[in-house]
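Here are the chains, one letter per residue:
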Amino acid sequence: GDSVTQMEGPVTLSEEAFLTINCTYTATGYPSLFWYVQYPGEGLQLLLKATKADDKGSNKGFEATYRKETTSFHLEKGSVQVSDSAVYFCALGTYKYIFGTGTRLKVLA
Amino acid sequence: DSGVTQTPKHLITATGQRVTLRCSPRSGDLSVYWYQQSLDQGLQFLIQYYNGEERAKGNILERFSAQQFPDLHSELNLSSLELGDSALYFCASSVEGSGNSPLHFGNGTRLTVT
């Protein structure tokens, strides 16, 4: 069945470091892919999305490219800030939206 | 602000009791989803409604039920509560519910069963 696999956390980085959070998926067809972010005490917020192969979603310095050949949608940011500390979820856009287990990111000043 | 409203924010109740969680979707969204988030199991899909009709079911226990009303708000009913039902329950909405449009989440209801 459809599934999403995210890298285990937590990920701890220093401010201004480069971030990669890996996400791979298994799906029939070509679903949309999403990254969500969850700050403490809040619901999930859409960070970016891509709807077809080779699409690049971007927002707030974060980017992810829909790679059909490697079934991946890795999240990247060139220079993280303390305010980026949160839990990040990769999601597959099927009728029930399948989420990865989440990756906690902690950025140290 | 996502535009999705969930009430109450916190709920503390005893085992064996029944509770109702309420969700108002974002204006214009026809589809409502319910998810359960616990520490050890991530975000689990429970059920989806589209324009008043149940569209998909996930890992929802028989003790749980939901419905979407004509004004599109939704309620999740949890009965015969057990300690293991303690979790964050999220409602989310989307325009059409096929998976192509983003989900918009409420801030959740934190349920504590004692």
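Before any of the text, the structure's been laid out above.
Attention in this report is confined to the structure presented alongside it. No experiment lies behind these values; they were computed from the predicted model shown.

## Regarding the overall build of chain B
The helix and strand tally for chain B stands at 0 helices and 11 strands. At 13 Å, chain B has a C-alpha radius of gyration in line with the 13 Å of a compact globule built from 114 residues. Across the 114 residues that make up chain B, the buried fraction comes to 52%. Partitioning the intrachain contacts of chain B with sequence separation of at least 6 by distance along the chain shows that 55% fall at a separation of at least 24. Surface exposure of chain B reaches about 5,400 Å², of which carbon and sulfur atoms provide 46%.

## Focus on the sheet that holds strand β7 (residues 56-59) of chain A
Residue and element names in this part refer to chain A. With antiparallel pairing, 4 strands are arranged side by side in an open sheet as β3-β9-β8-β7. Two strands in the sheet have a free side with no partner beyond their single neighbour: β3 (19-21) and β7. With strand direction ignored, the average angle separating the axes of adjacent strands in the sheet is 15 degrees. Two elements, strand β8 (residues 62-65) and strand β9 (residues 75-77), share 3 bridges in a ladder whose sense is antiparallel. In the sheet register, A64 faces β9, and the bridge partner there is L75.

## Here's the deal with unusual backbone geometry
In the segment running from G9(A) into P10(A), the intervening peptide bond is cis, with an omega of -5 degrees. Within the element layout of this structure, P10(A) appears in the loop between β1 (3-6) and β2 (11-14). For the bond running from T7(B) to P8(B), omega is -10 degrees, close enough to zero to count as cis. Looking at the element boundaries, P8(B) is found in the loop between β1 (5-7) and β2 (10-13). At T71(A), a residue that is not glycine, the phi angle is positive and equals roughly 40 degrees. Along the chain, T71(A) falls in the loop between β8 and β9. Residue classification places T71(A) among the partly exposed positions, given a relative accessible area of 31%. In the Ramachandran plot, S80(B) falls in the positive-phi region, its phi being about 45 degrees despite a non-glycine side chain. Residue placement: S80(B) occurs in the loop between β8 (74-78) and β9 (87-94). Taking relative accessible area as the criterion, S80(B) reaches 41% and is therefore assigned partly exposed.

Rules used throughout
- Residues numbered from 1 in each chain as written.
- Chains lettered and ligands numbered in written order.
- Predicted model: local features only at pLDDT ≥ 70, side-chain atom pairs only at ≥ 80, totals over all residues.
- Heavy atoms only, no water.
- Helix = DSSP H or I, 4+ residues; strand = E, 2+ residues; numbered from the N terminus.
- Rg over C-alpha atoms; globule rule 2.2 N^0.38 Å.
- Buried < 20%, exposed > 50% of the residue type's maximum accessible area, 1.4 Å probe, protein only.
- Contact = heavy atoms within 4.5 Å.
- Areas by Shrake-Rupley, 256 points an atom, 1.4 Å probe, with all protein chains shown as cover.
- Pairing = 2+ DSSP bridges.
- Axes fitted to C-alpha atoms, helices over the stretch in contact; angles between N-to-C directions.

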